[in-house]
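# Coordinate analysis (summary)
What follows is the residue order along each chain.
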Amino acid sequence: MVATSDPHEDVLLELTPDFLGVTLKGSTVGDPDEALPLHLRGIHQHGLTVGDVVTNFERFEGRIAVWLTSSTNPDGHGLGNSRVEETEFRLTVDVDENDERFWWYCNWARENLDVATQLRIHMAAGWASSSWFLWFGRVPPENILEVVSTKTGSAVENWGNYYPEVLSVRPVSYEGRHGWHQRTIRDVKRALARQAG
């Protein structure tokens, strides 16, 4: 099945992880962490497993989901302030758009976020939110159909070994996603405390 931005249309989309650029057989998946080039080996091993979905900034609350986007443009996804290039690769993935784990972000946000949280997300360069999707589950490696370099436009063969193991970060298994999420929140709190202090 192919993901679509409009539940009434059956169209191929390009969805990318927060813009790693994961394409859901026309879609792109994206989480800033998942999208890092040094994460390719771990993604090849475990699939797309994590992404932080903020549900309340003040209380440091969130959910874990893989971010997707139908946009082919990396702008408007809040990735501009990253320390790392997050738009170097685009992954094409296949997910079932009728699966209950698949949500168009705008619908999910209306049902799960207060207006203040939605506004903060949009103000953080998130103006392209109408192209976002969330997958509340794991996208297994076999559902990653293609990896394309956005610099060359060419498919990357043997992408799981594109970077040497020594340069690759520790992968996050689906079972380890909650520990990853707790560490992410802890690190954000520490960074904010340093800025304030």
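Let me sum up the structure you'll find in this document. (Residues numbered from 1 in each chain as written. Predicted model: local features only at pLDDT ≥ 70, side-chain atom pairs only at ≥ 80, totals over all residues. Heavy atoms only, no water.)

### Considering the nonpolar core
Core analysis: the biggest nonpolar cluster contains 18 residues, and Leu 48, Leu 91, Val 93, Trp 135, Ile 144, Val 147 and Trp 159 have the highest contact counts within it. For this core, the elements supplying multiple residues, two or more each, are helix H1 (40-46), strand S5 (66-69), strand S6 (89-93), strand S8 (132-135) and strand S9 (144-149). Ranked by the residues each element gives to this core, the list is headed by S6, at three residues. If sequence neighbours within four positions are ignored, Trp 135 has contacts with Ala 65, Val 66, Leu 68, Val 95, Asp 96, Asp 99, Arg 101 and Phe 102. Membership of the second largest hydrophobic core comes to 12 residues, among which are Val 53, Trp 67, Tyr 105 and Trp 108. (Core = buried A, V, L, I, M, F, W, Y, C linked by side-chain atoms within 4.5 Å. Buried < 20%, exposed > 50% of the residue type's maximum accessible area, 1.4 Å probe, protein only. Helix = DSSP H or I, 4+ residues; strand = E, 2+ residues; numbered from the N terminus. Contact = heavy atoms within 4.5 Å.)

### Structural notes on the side chain of Thr 49
Position of Thr 49 relative to the elements: it lies in the loop between H1 and strand S3 (52-56). A relative accessible area of 1% places Thr 49 in the buried class.

### Quick notes on the packing of aromatic side chains
Following the criterion strictly, the structure yields nine aromatic pairs and no others. Considering the side-chain rings of Phe 89 and Tyr 162, the 5.2 Å spacing of their centres and the 80° angle between planes classify their relative orientation as edge-to-face. Here the residue Phe 89 occupies a position in strand S6, and Tyr 162 occupies one in the loop between S9 and helix H4 (177-196), the gap between them amounting to 73 residues. On the basis of relative accessibility, which here comes to 39%, the residue Tyr 162 falls in the partly exposed class. Ring geometry for Phe 102 versus Trp 135: centroids 6.3 Å apart, planes at 50°, classification tilted. With a gap of 33 residues between them, Phe 102 in strand S7 (residues 102-104) and Trp 135 in strand S8 connect regions that are remote in the sequence. By way of ring pairs, the aromatic residues Trp 67, Tyr 105 and Trp 132 are connected into one cluster. One cation-aromatic arrangement involves Arg 120 over Phe 57; the distance from NZ or CZ to the ring centre is 4.3 Å. Against the face of Tyr 174 rests Arg 177, its NZ or CZ located 3.6 Å from the ring centre. (Phe/Tyr/Trp six-rings, centres within 6.5 Å; stacked < 30°, edge-to-face > 60°. Lys NZ or Arg CZ within 6 Å of the ring centre and 35° of its normal.)

### Thoughts on helix H3 (residues 115-123)
For an α-helix the count is 3.6 residues per turn, leaving residues at separations of three or four pointing the same way. Of the positions making up H3, those classed as buried are Thr 117, Gln 118 and Ile 121. Looking straight down H3, one finds that the buried residues subtend no more than 100° of arc, so they occupy a single side. Facing away from the buried side of H3 by more than 90 degrees, the exposed set consists of Val 115 and Met 123. Where H3 is buried, its residues contact S3, helix H2 (105-112) and S8. Where H3 starts, the residue carrying a side-chain oxygen 3.2 Å from the main-chain nitrogen of Ala 116 turns out to be Asp 114. (Arc of directions from axis to C-beta. Polar contact = N/O pair within 3.5 Å; in protein donor to acceptor, adjacent residues only side chain to side chain.)

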